[in-house]
Structures are given as structure tokens and as C-alpha cells.
2 protein chains.
Amino acid sequence: MKKFPIVKSRRLRSTPYTDRIESQGVSSYTVYNHMLLPATFKNLEADYQHLKQFVQVWDVAAERQVQITGIDSAKLVQLMTCRDLSKSKIGRCYYAPLIDHEGYLVNDPIINKLADDKWWLSIADSDVIFFAKGIAAGKNFDVEITEPNVNILAVQGPLSDNLMVKLFGEEIRELRFFNFKYFEFKEKKYFVARSGWSKQGGFEIYVEDNIAGQDLYDYLFEYGAEFKVRPGCPNQIERIESALLSYGNDFDNRDNPFEANFDKYVHLDSDVDFLGKEKLKKIKEDGIKRKLMGVKIDHDKIDMYCEKTLWDDKNNIVGYVRSAAYSPTFKKVIGIAMINKPYWDKKDQFKIDINEKIFVGTVCDLPFI
Amino acid sequence: MKKFPIVKSRRLRSTPYTDRIESQGVSSYTVYNHMLLPATFKNLEADYQHLKQFVQVWDVAAERQVQITGIDSAKLVQLMTCRDLSKSKIGRCYYAPLIDHEGYLVNDPIINKLADDKWWLSIADSDVIFFAKGIAAGKNFDVEITEPNVNILAVQGPLSDNLMVKLFGEEIRELRFFNFKYFEFKEKKYFVARSGWSKQGGFEIYVEDNIAGQDLYDYLFEYGAEFKVRPGCPNQIERIESALLSYGNDFDNRDNPFEANFDKYVHLDSDVDFLGKEKLKKIKEDGIKRKLMGVKIDHDKIDMYCEKTLWDDKNNIVGYVRSAAYSPTFKKVIGIAMINKPYWDKKDQFKIDINEKIFVGTVCDLPFI
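Residues numbered from 1 in each chain as written. Chains lettered and ligands numbered in written order. Predicted model: local features only at pLDDT ≥ 70, side-chain atom pairs only at ≥ 80, totals over all residues.

## As for the overall build of chain A
Step number 1: The number of helices and strands found in chain A is 8 helices and 21 strands.
Step number 2: Compactness check: chain A gives a C-alpha radius of gyration of 21 Å against a globular reference of 21 Å for 369 residues, within 12% of the reference.
Step number 3: Expressed as a percentage of its 369 residues, the buried residues of chain A come to 52%.
Step number 4: Considering only residue pairs separated by 6 or more positions, chain A has 66% of its internal contacts joining residues 24 or more positions apart. (Helix = DSSP H or I, 4+ residues; strand = E, 2+ residues; numbered from the N terminus. Rg over C-alpha atoms; globule rule 2.2 N^0.38 Å. Buried ≥ 20, exposed ≤ 12 C-beta atoms within 10 Å, placed from the backbone. Contact = placed C-beta atoms within 7 Å.)

## Re the sheet that holds strand β3 (residues 56-59) of chain B
Residues and elements named next belong to chain B.
Step number 1: The strand order across the open sheet built from 6 strands is β12-β13-β14-β11-β3-β15, with neighbouring strands paired in mixed fashion. Here the strands that pair on one side only, and so sit at the sheet edges, are β12 (180-185) and β15 (230-232). For this sheet, the mean angle separating the axes of adjacent strands, direction not counted, is 30°.
Step number 2: With 6 bridges joining them, strand β11 (residues 151-156) and strand β14 (residues 202-207) adopt antiparallel strand pairing. Along β14, the bridge assignment pairs asparagine 151 with valine 207. (Pairing = 2+ DSSP bridges. Axes fitted to C-alpha atoms, helices over the stretch in contact; angles between N-to-C directions.)

## Examining the interface of chain B and chain A
Step number 1: Taken together, the contact between chain B and chain A spans 46 residues of the former and 46 residues of the latter.
Step number 2: Counting residues per element, the ones that place at least two in the side of chain B that touches chain A are β1 (28-32), α4 (128-139) and β18 (317-327) of chain B.
Step number 3: Element by element, the count of residues in the side of chain B that touches chain A is highest for α4(B), at 10 residues.
Step number 4: Residues belonging to the side of chain B that touches chain A are distributed by class as follows: 20 nonpolar, 13 polar and 13 charged. (Nonpolar A, V, L, I, M, F, W, Y, C, P; charged D, E, K, R; others polar.)

## Brief notes about the relation of the copies chain B and chain A
Step number 1: After a rotation of 180° and a shift along the axis of 0.0 Å, chain B superposes on chain A with an RMSD of 0.0 Å. The transformation relating the two chain copies, once decomposed into turn and shift, fits a two-fold axis.
Step number 2: Of the interface residues in chain B, 100% have counterparts in chain A that sit at the interface too, so the contact is made through matching surfaces. (Least-squares fit on C-alpha atoms with pLDDT ≥ 70 in both.)

## Focus on the environment of Lys351(B)
Residue and element names in this part refer to chain B.
Step number 1: Within the secondary structure, lysine 351 sits in strand β20 (residues 350-354).
Step number 2: With 16 C-beta atoms counted inside 10 Å, the residue lysine 351 sits in the partly exposed group.
Step number 3: Separated by 40 residues in the primary sequence, lysine 351 and tryptophan 311 place their C-alpha atoms 5.1 Å from one another.
Step number 4: Residues contacting lysine 351, with those up to four places away along its chain left out, are Trp311, Ile358 and Val360.

## Considering the pairing of strand β1 (residues 28-32) of chain A
All names here are of chain A.
Step number 1: With 4 of its 5 residues buried, β1 lies for the most part within the structure.
Step number 2: Bridge count between β1 and strand β2 (residues 35-40): 5 bridges; the pairing is antiparallel. Looking at β2, one finds that tyrosine 32 is bridged to methionine 35.
Step number 3: Between β1 and β2, which follow one another and run antiparallel, lie 2 residues, and asparagine 33 among them has a positive phi close to 50°.

## With respect to the domain arrangement of chain A
Often, the extent of an interface is quoted as the loss of accessible area on bringing the components together.
All names here are of chain A.
Step number 1: Under the domain assignment used here, chain A contains domain 1 (18-63 + 150-240) and domain 2 (289-364).
Step number 2: The partner domain 2 presents 8 residues to the 4 residues of domain 1 that form the contact.
Step number 3: The biggest single contributor to the side of domain 1 that touches domain 2 is helix α7 (residues 236-241), with 3 residues.
Step number 4: Each residue belonging to the side of domain 1 that touches domain 2 can be placed in one class, and the counts come to 2 nonpolar, 1 polar and 1 charged. (Domains from an automatic or database assignment.)

Below you can see the structure in the form of C-alpha cells.
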């Protein structure tokens, strides 16, 4: 596939780490929340192999925060998600699909509860701030909604703990998955969560001060040399193998949470009030006709820039692949696809057109095994 | 400035015309409303010179539509903008800043009134659909809000009328600026507006059928050969010379409409109800402390990827340039800048750092003269 350069501008925001990743050899970008997000360094597969063995530092400032504070903040946050947050605790991270009043998906942030009246929604690629502001205006809520200057550095990979201990001390090993706490390094405090957009283990550091973040970036590389640390980024192969969904790729505002397999986060029996609750009850009652599943395709490469159709032998549509990559682990192309109900249990092969050649594949469950 | 390739995906949507512009030599992209928007073909200056002399066809599918229909649609659209739409007419286009309940800018769409209960907001680069859905949910409005499959082709440049007449007939010359109407070509009807993101004259064709749009694209080039038609795109030089503002570049959700010079669209004395009205009255009463103005800099190039600071002789901050380009017309770098009040009337020179060298410039009114 021919490569096209991206033209930078203030509108496609750089991050506090952009100069550093460019001097370290970032080789391509995507755009995420109106901000540059690195997509590759050496290349997709080399980055993948390194991520699975060692430790990487990621500029994921593009994971922007929507900060909601004020008396009605808990009410507003709850209205936006079908996940029951009534028992949520300070210091915890909650993966939570956001739903509009029609029952469609808006985003799938990590919701960090900093206080009963202070929340950070760490968002995927859509302007959640305007959804929140719209609801707040419509409901006359007493809240303040802003995008704070938070620029996340992720430390990901199996050696993440070793590296983080060298900076923040042994105590950081005790931080549990999807918990966050402030830790100190060289007299600065950093919001650290055990989380991240890979399944290789690691942390996300929600940096609130640009200069401190740049210093931290440099120290992570200095202290990380013994662990073969490298710059990295969310890796398309790893995230698909790990079945980590991507808003805009795998699902969007035309899909409901059941179609995206978010059933365990849809709390219809709870007492809490959220947008689209009645619509979702109806959808659940009627049953869905398609859902996200895995696919494996007998080929060694694929370029994705729109969804690709899957057909059966009679040329009926099986579904649409939305993300895919060659997996060195499965030695096939694997992908995340919206599959029509008649094919959920089928073991039959489907056909797919890749660069004007026909290949075959099969539907499978997520996560891939 | 080093060039970095953009990695395509379903999330950075291609358009129905992407294959065509790539075969015609598009040379760089930006991303706008989660979609690929071409940024250059030959190069910025060659594209600019051609646009000012001839006619170009632009893939501006990234100018997405937010369609609002239903009983409460007019009420919702009015709530979103400080421009009084109470006397708006079907078949007209209205440039209208959208404002949140705090008085900050959300977007600056062209609002097309298709019927009393059917509106298309042709948006700049932010997710207006979620702002509209949030308000509608909060207010319990009876509306339907969708992103229809509309992919705009713009025909821009001084020879636009000549080309459009060959397809749609002499009648199209009668279409007035910021009016729209359906016109027929080869038995298909197309929504055509006299509008576009340049000041070189032209039309925007709101294509509602992908195949018809691709046919139209090809015919525009076939019929346009005699006018030296070329593929093009919104041109950074031309749009700055013409002082056409860009959301995310020149202003954003931290700016109010007075700071962005939208005074004539802020109808505080009207009877209509819109978000942020009281806040805007207060802001107007207090007076603003900074506003968008032009700058001219004695240099022949500039790369913009974030705002650049302007200083005076005593190292006080004059303001920040947000967009800039070398202008072959003014033979200087020209830009759009947020200028602090003490410098609105100053004729003194400011200093700016471009690639670690200091250059001087002056503040001027917009549009540039």
C-alpha cells in the first residue's frame, strides 16, 4: 500500500513527547482525539516481538482526559454509561461503555474516580467532552467539564514492574490491576495506574506537568537500558491478538453494546439511571442479529482501511472484518469482525477478497485461542 | 520538517473518492472528522496558483453532516448556536458558531435548512453529533440525530461556473451564494450549494449516493479538461489569505465567539434561546482581552504544528500564531494569531522564533489587505 505523509498542524496536536519519539525513530503516525499517536517505530512485527519480551515506553498522550467535577458529577458520569458505578471506589479504574439515548455506543473510556466529585474519563477516539457538555446543559447540572493538560506515558511489557520499581520503589509492585495512586519520583508526584492498551502488563502514568513528564520520559530510558527498553506504541498485532477493541475500528456509534460483547457492563437490572436504558432493555429482549467475533484467514498479510466483506459459498454475507493484522503467533491473518447471527456457530469457511485475490477463513470466539 | 506516513485504518475513514485522488497523485493527507482529507497534490504553492486561476475538484467528504430531524429539530439547532435562526429559510446555508453552556466555541458549521424539521450541519473538525445527542437527551427532545452518508465534492476556482454549467445547465449560474437546490445530471439529482472553503468562487455538491458521486467525479474531470481542471483540496495558503478560520487551528473550545471575531453572529438581543446566552452577555459586558488578528512576518517559510509565541522588545507576550503559511501574494509569511489587547492597535514589531532563528513581524487586521 502506498504511503502518504501526514501534514502536521495545530489541529493535529503534537504531544510533550513528540520531539523525543521523532528523534528516537518513530516511523508512522495515526491521529487519535485530534492528536498525533505513534503507530510504528521499527515496524509492526519487530515492535510486537519486543513488546512481548521486554518493556516499552509509549507516548499515549492522545488518550485524552475528560475531567468532570462538581456536585452533579457522579450523576452525569452515571448517566453516560450503562455500567453501574453506584458502588465505585476512589482510586479505581472502570472500563465503561458510554451509551447515547438511542442505545448506541459513544466511546469506551476507562473511568478513573479521583473523588466522589472528581472523575477522569480516559477516552477512546471521539469527543466525549461535547457529549458530557450537551447532557449537562440539557439537564442543568452543576458540573465543570474540561480537558485537563494530562499527557499519558504508558510503560508496557513483561519487564514493566522491574523498570517502574527502579523509579518509584518496591511499593509499586503492590498496585493492583485497574487501581491508581500517586507515587513519587525525584520529589514530583505522578498519578500511576496499573493499566494500558496491551495485555503484556504495565502501567499508565497520567502526567500533569509537561516538564516533569519529559524528565520522566528520559529517566525511563536511562533506568530502562538494562531491560532493553524501547519506545513503542499500541501495537495493532498485539491488541488484536489480545482482543482489545478500538472505537472507530471495531465498533462505533451505529453499534449497540450487546453487538460489541459488552454484556457484562450493561447493568439493566441496577437501580441507576443511564441514557438508553429502556432502549437497551428492548434490544436485549428482541435479541441481536450480529456481534463482534474473531476471524482467522489463511494468508500472511492484509491492509485495512475500511471494513471488508466476508461471503459464504452461496455469496450470502457472513459479516465484515473491521480490524485485522498478520499474527506471528497464529501464523494467519487474524481479525475482529461483525458477524451475522446465522454464522455465529458455523464452522464453514468464508471467503474474503484481499488485493483482488480470494482467500478463505473461519469465524472463531474472542479472545483468540 | 521530516515527513511521517499516516497509517490508514477503518477509524481514519477513506472516502468514496480516495481511490481516485490517490491515482491522481494526492501527496499528503490530514485527518478531519475521523476521515482522510487531502492536504496537497503537486505542492502547496502550485495547488494555490492553479486554484486562483482555473477550477479544481475537491474530495471534502470529511466535511461530515449531522442531520437533525423531527418535531423539536429547529429548537435543538437554535439551542446550539448564538446566531438567530428564527427567520431562516429553506434552501439557505447559514454559517453559525456553535456554543456550549459556558460560552465556548464547539464548532463553526454551515447549517443547511432542508425543511422546517430537517437540518444538515456541515461541520468542522469536532464531533457535533455527540453535542447534539447530549442536549437532546438532557432536554428529552423529540428528534432524530444521524450522520447520513453524504460525501461532498467541492468545485472551486474562478472557472467553477463554466464547468458546472456543462453538467447542470445554465440555470446553475442563478444559484446565489449560500443558497442550495437540487440540480439534475444524467437523470440523477444532486444537492448543490454555492459555497466552499475558498474565496475563489464555486460550489459544494452534497453527494448522497456513492456510485453517483464517483460517476460525477469522473465527469467533472472529463468535462473540465478544457478549463484545465485539476484535483485539489482546501489550500492552507489560500484559506489564510482569505481569513477563513479553521476550528482546532485558529480557535477551539477554550475560546469564546468574540475572541474569534464572530460578533456579527452573536445575537444576544434576539428573543431566541441558545446555550451560553447569559455567559456571552457577561463576556461582552466585561470585554475581551484577546482576539484573532492577522500577522505578517518577514520570512519565506514556516512549519506549524503547534501555536508559536510572539514577543515584544521587552519580552512581554504579544500573542500566539495559530496558523501560518508563506503567501506568494504578500511575499511574507502570513498567519492568524490570538493577540493580547495591548497589542491590537500597536504598529510595533514583534519577534518570533522560527527554527531557532528570530524573525520580526507586525499585527494587522483581518482580512489581510
